[in-house]
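Understanding the architecture of this molecule
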Amino acid sequence: MGGPDLAAQAIKAGVVDELHLFLTPVVVGGGKQSLPNDVRLELELLDERRFGNGVVHLRYRTGT
């Protein structure tokens, strides 16, 4: 996707079937949200992978 704004539009349109989130153990203030506020999704965890540097990859299937 081309950034959080385009991703939010695709999520709202219901055309996203999977989400891949990479969580890093660093907090940096500001920036854009990764998920929109005004959408409710049921998520099913499909995969979780932890890397040696503390990053966690989460793969979810979306539902309605």
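One can find the structure itself at the top, above this paragraph.
All residue numbers refer to position in the chain's written sequence, counted from 1. Residues qualify for local features only when their pLDDT is at least 70, as the model is predicted, and side-chain atom pairs are given and counted only at 80 or more; totals for whole chains, interfaces and linings, by contrast, use all residues. To get the side-chain values, all heavy atoms of the structure are used, and hydrogens and water are removed first.

A word on the overall build of the protein
- Each helix and strand counted, the protein has one helix and three strands in total.
- A helix here means a DSSP run of H or I that spans at least four residues, while a strand means a run of E at least two residues long, and both kinds are numbered starting from the N terminus. If you list the helices and strands of the protein from N to C, you get α-β-β-β.
- Residue burial in the protein is summarised as follows: out of 64 residues, 20% are buried.
- Any two residues whose heavy atoms approach within 4.5 Å at even a single point are treated as in contact. Taking all contacts inside the protein whose residues are at least 6 apart in sequence as the whole, residues at least 24 apart take part in 55%.
- Counting every atom, the protein has about 5,000 Å² of accessible surface; 51% of that belongs to carbon and sulfur.
- We treat Lys and Arg as the positive residues and Asp and Glu as the negative residues; His and chain ends play no part in the count. Positions of charges follow a simple convention, taking NZ of Lys, CZ of Arg, CG of Asp or CD of Glu. Taking the average location of the 7 positive side-chain charges in the protein and that of its 8 negative ones, the two points are 3 Å from each other. Classification of residues uses two cut-offs on accessible area relative to the type maximum, computed with a 1.4 Å probe and protein chains only: under 20% is buried, over 50% is exposed, and between them is partly exposed. In these tables, accessible area is a Shrake-Rupley quantity obtained with a 1.4 Å probe, and a residue counts as shielded only by the protein chains included in the view.

Some details on the sheet that holds strand 1 (residues 18-23)
- Pairing in this open sheet of three strands is antiparallel, and the strands run 1-3-2 from one edge to the other. The strands lining the two open edges of the sheet, one partner per strand, are strand 1 and strand 2 (43-50). Mean inter-strand twist for the sheet, computed between neighbouring axes without regard to direction, equals 20 degrees.
- Sheet topology places strand 1 next to strand 3 (residues 56-62); six bridges connect them, and they run antiparallel. If you follow Glu-18 over to strand 3, its bridge partner there is Arg-61. Strand pairing follows a simple DSSP-based rule, namely that at least 2 bridges must link the two strands. For helices, the axis comes from a line fit to the C-alpha atoms of the stretch in contact; other axes are also lines fit to C-alpha atoms, and the angle between any two N-to-C directions lies between 0 and 180 degrees.

Comments concerning the nonpolar core
- Within the largest apolar cluster, seven residues are counted, these being Ala-10, Ile-11, Val-16, Leu-19, Val-56, Leu-58 and Tyr-60.
- Looking at this core, the elements that each hand over two or more residues are helix 1 (4-13) and strand 3.
- Considering each element in turn, this core owes the most residues, three residues, to strand 3.
- With near-sequence residues (within four places) excluded, Leu-58 lies in contact with Leu-19, His-20, Leu-21, Leu-23, Leu-45, Asp-47 and Glu-48. In this description, a nonpolar core means a group of buried Ala, Val, Leu, Ile, Met, Phe, Trp, Tyr and Cys residues linked to one another through side-chain atoms lying within 4.5 Å.

Remarks on the pairing of strand 2
- Inspection of the sheet shows strand 2 paired to strand 3 by seven bridges, in the antiparallel sense. Paired with Asp-47 across the two strands is Arg-59, which belongs to strand 3.
- As consecutive antiparallel partners, strand 2 and strand 3 are separated by five residues, and within that stretch Gly-54 has a phi angle of approximately 95 degrees, a positive value.

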